[in-house]
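Chain by chain, the residues:
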Amino acid sequence: MHLFKKTLKVVGITMGSMLAFMLLTGIIFLYVSPQFGGSPSQAQLVNYTKSGHFEDGIFVNPIPTDMSMSFKTIVSLLGDYARGIPNQRPAADVPVQKIDSLDIVNHPDTLTRLTWFGHSAFLLEINGKNILIDPMLGDSPSPLPFLGTTRYSKELPIEIEQLPAIDAVLISHDHYDHLDYGSIQNLKNKTKHFYVALGVGNHLAAWGIDSARIHELNWGETLKLDNLTFTATPARHFSGRGLSDRFATLWCSWVIQSPTKKIFFSGDSGYGPHFKEIGNVYGPFDLALLECGQYDTRWQNIHMLPEQTVQAALDVKAKLMMPIHWGAFTLALHSWTEPVTRSSAEAKKLNVSLATPAIGEPFILSGPIPQGRWWEEIGK
């Protein structure tokens, strides 16, 4: 009996030590890892109060947005994640079309062209400028890649190292699937300007980007880059990269305008009246890139359902819409093809023009609309 008690004591001490070590390691990682970015100064916090969207030390949504969950909802959510769902990932690697750096360099300035990298990442070639939008080009949207979901495709349409000079990077918010530390590190020496919402610039500054190249915008603010204008517009979402910085930076959508084209990028957003307001002030749009994926009825306040995505296209007065925020990662409890399937059906029902390019398939706004159902061929 004495030996048994002694063994239990040793096991208990060992397990306690391991747990303490894991906890200490986690705390050190939170404070030391550059992944988590930077924090605002006291002067910045004071300035945020003038934004009209900063209350009690945090940024707030344009309309009340409850993100709380009951104990019952949390239990149901954990159960659903434990069980999983069919077809959550593609049955085979998603193929991508490759693009060439020389093709980008030699692209005519008069033609506006867009190339999707999956999820919400794009290369926009417009009026002689190369613009990257939410360039999460890493393998996993997580501070610890081995714990997160991985990209559906083995490669990108073009690797960051092969990209020509980038005139501007636009970031909608600081979540890992939109703002990726590794991607920014690889982009920072070839990018002239970074346009972000309030507070997000602190992450970029912490990652070694000169403040002169960082441009922070509040909702409704516009900056020009030669003959282009970038306007930060509202979204209904939230922010945060660590355990204690939720709502610490602003989130936004973007209006991108050249002398001949106007594009809307939703970022992440639940459905709300801000879409009609954006349409009335800035529309109509030649193209709206609208979030459609990683949703659930339990958090639809911050991520639209596919049918709402199509309604948002009508609200912003889009001539053409493209569902985004899908096709690269599994971050929610729906099949990987459900977003595009449901939005396609709703778009047909409401007579909304829909673009569905494959990953890496460039398309010109004034040219034919890509409408292939490429996702149906994966795994066959």
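Residues numbered from 1 in each chain as written. Predicted model: local features only at pLDDT ≥ 70, side-chain atom pairs only at ≥ 80, totals over all residues. Heavy atoms only, no water.

A. Region of the structure containing the overall build of the protein chain. Each helix and strand in the protein chain was counted, giving 9 helices and 15 strands. Here the C-alpha radius of gyration of the protein chain, 22 Å, is about what a compact globule of 380 residues would show, namely 21 Å. Across its three principal directions, the C-alpha atoms of the protein chain cover 85 × 55 × 45 Å. Contacts in the protein chain between residues far apart in sequence, at least 24 positions, make up 70% of those at least 6 positions apart. If you sum the accessible surface of the protein chain, you get close to 17,400 Å²; carbon and sulfur atoms cover 58% of it. For the protein chain, the separation between the mean place of its 31 positive charges and that of its 35 negative charges on side chains is 5 Å. (Helix = DSSP H or I, 4+ residues; strand = E, 2+ residues; numbered from the N terminus. Rg over C-alpha atoms; globule rule 2.2 N^0.38 Å. Contact = heavy atoms within 4.5 Å. Areas by Shrake-Rupley, 256 points an atom, 1.4 Å probe, with all protein chains shown as cover. Lys, Arg positive; Asp, Glu negative; His and termini not counted. Charge placed at Lys NZ, Arg CZ, Asp CG, Glu CD.)

B. Structural detail: the pairing of strand 7 (residues 191-197). Counted residue by residue, strand 7 has 5 buried out of 7 residues, so it is predominantly covered. Both strand 6 (residues 166-170) and strand 7 contribute to a ladder of 4 bridges, which runs parallel. The partner of Leu170 across the bridge, within strand 7, is Tyr195. On the question of chirality, the crossover connecting strand 6 to the parallel strand 7 by way of helix 5 (residues 181-187) is right-handed. (Buried < 20%, exposed > 50% of the residue type's maximum accessible area, 1.4 Å probe, protein only. Pairing = 2+ DSSP bridges. Right-handed = clockwise from strand over helix to strand, strands pointing away.)

C. Quick peek at the packing of aromatic side chains. A full pass over the atoms with the stated rule returns 18 aromatic pairs. Centre to centre, the rings of Tyr271 and Phe275 are 5.9 Å apart; their planes meet at 25 degrees, and the pair counts as stacked. You can call Tyr271 partly exposed: its relative accessible area is 24%. For Phe275, a relative accessible area of 1% gives the class buried. Within the aromatic cluster, the residues linked to one another by ring pairs are Trp116, Tyr152, Trp326, Trp336, Trp374 and Trp375. Lying across the ring of Tyr176, Arg241 places its NZ or CZ 4.0 Å from the centre. (Phe/Tyr/Trp six-rings, centres within 6.5 Å; stacked < 30°, edge-to-face > 60°. Lys NZ or Arg CZ within 6 Å of the ring centre and 35° of its normal.)

D. The arrangement of the environment of Glu361 in detail. Within the fold, Glu361 resides in the loop between helix 9 (338-350) and strand 15 (363-364). Assessed through its relative accessible area of 23%, Glu361 is described here as partly exposed. Residues Glu361 and Phe117 lie 244 residues apart in sequence; the distance between their C-alpha atoms is 8.9 Å. In this structure, Glu361 is in contact with Gln97, Leu114, Thr115 and Pro370, ignoring residues within four places of it in sequence.

E. Representation of the environment of Ala288 within the structure. When you line up the elements, Ala288 lands in strand 13 (residues 287-291). It is 6.6 Å that separates the C-alpha atoms of Ala288 and Ala313, two residues lying 25 residues apart in sequence.

F. Region of the structure containing empty space enclosed by the protein. Enumeration over the complete set of coordinates arrives at 1 cavity of 30 Å³ or more. Looking at the largest cavity, its volume works out to about 50 Å³. Together, Gln88, Tyr152, Gln294, Trp326, Gly327, Phe329, Thr330, Leu331, Ala332, His334, Ser335 and Trp336 line the largest cavity. (1 Å grid on protein atoms, 1.4 Å probe; cavity = no way out; pocket = protein on both sides within 12 Å on 5 of 7 lines; lining within 4 Å. Points joined across faces, edges and corners; volume = space filled by probe spheres on them.)

G. Structural context of the sheet that holds strand 5 (residues 129-133). Spatially, 7 strands are ordered 8-7-6-5-4-3-15 in an open sheet, and the strand pairing comes out mixed. The strands lining the two open edges of the sheet, one partner per strand, are strand 8 (214-217) and strand 15. When strand 3 (residues 113-116) meets strand 15, the two strands line up antiparallel, connected through 2 bridges. Considered in strand 15, the bridge of Arg113 is made with Ile364.

H. Local environment of the layout of surface pockets. When its volume is computed, the largest pocket comes out at roughly 950 Å³. Taken together, 34 residues make up the lining of the largest pocket; nearest its centre are His175, Phe238, Arg246, His303 and Leu331.

I. Spatial organisation of helix 7 (residues 274-282). All buried positions along helix 7 are accounted for by His274, Phe275, Ile278 and Gly279. For helix 7, the arc enclosing every buried residue in end-on projection is 140 degrees, short of the 170-degree limit, so these residues lie on one face. The exposed residues of helix 7 that point more than 90 degrees off its buried face are Asn280 and Val281. Check the buried side of helix 7 and you find it contacts strand 10 (228-233), strand 11 (253-257), strand 12 (262-265), strand 13 and helix 8 (306-315). (Arc of directions from axis to C-beta.)

J. Seen up close, the pattern of salt bridges. Summed over the entire model, instances satisfying the criterion amount to 13 salt bridges. In this structure, Arg342 and Glu307 form a salt bridge, with 2.7 Å as the shortest nitrogen-oxygen distance. Here Arg342, found in helix 9, pairs with Glu307, found in helix 8; they are 35 residues apart in sequence, far enough to count as distant. Ionic pairing is found between Glu338 and Arg342, a salt bridge with its closest N-O pair at 3.1 Å. Remark: Arg342 and Glu338 occur in helix 9; sequence separation between them is 4 residues, near one turn of the helix. The partly exposed category is assigned to Glu338, whose relative accessible area is 24%. Its relative accessible area of 27% is what places Arg342 among the partly exposed residues. In this structure, a network of salt bridges that share partners links the residues Asp80, Arg83, Asp296 and Arg298. (Salt bridge = Lys/Arg side-chain N within 4 Å of Asp/Glu carboxyl O.)

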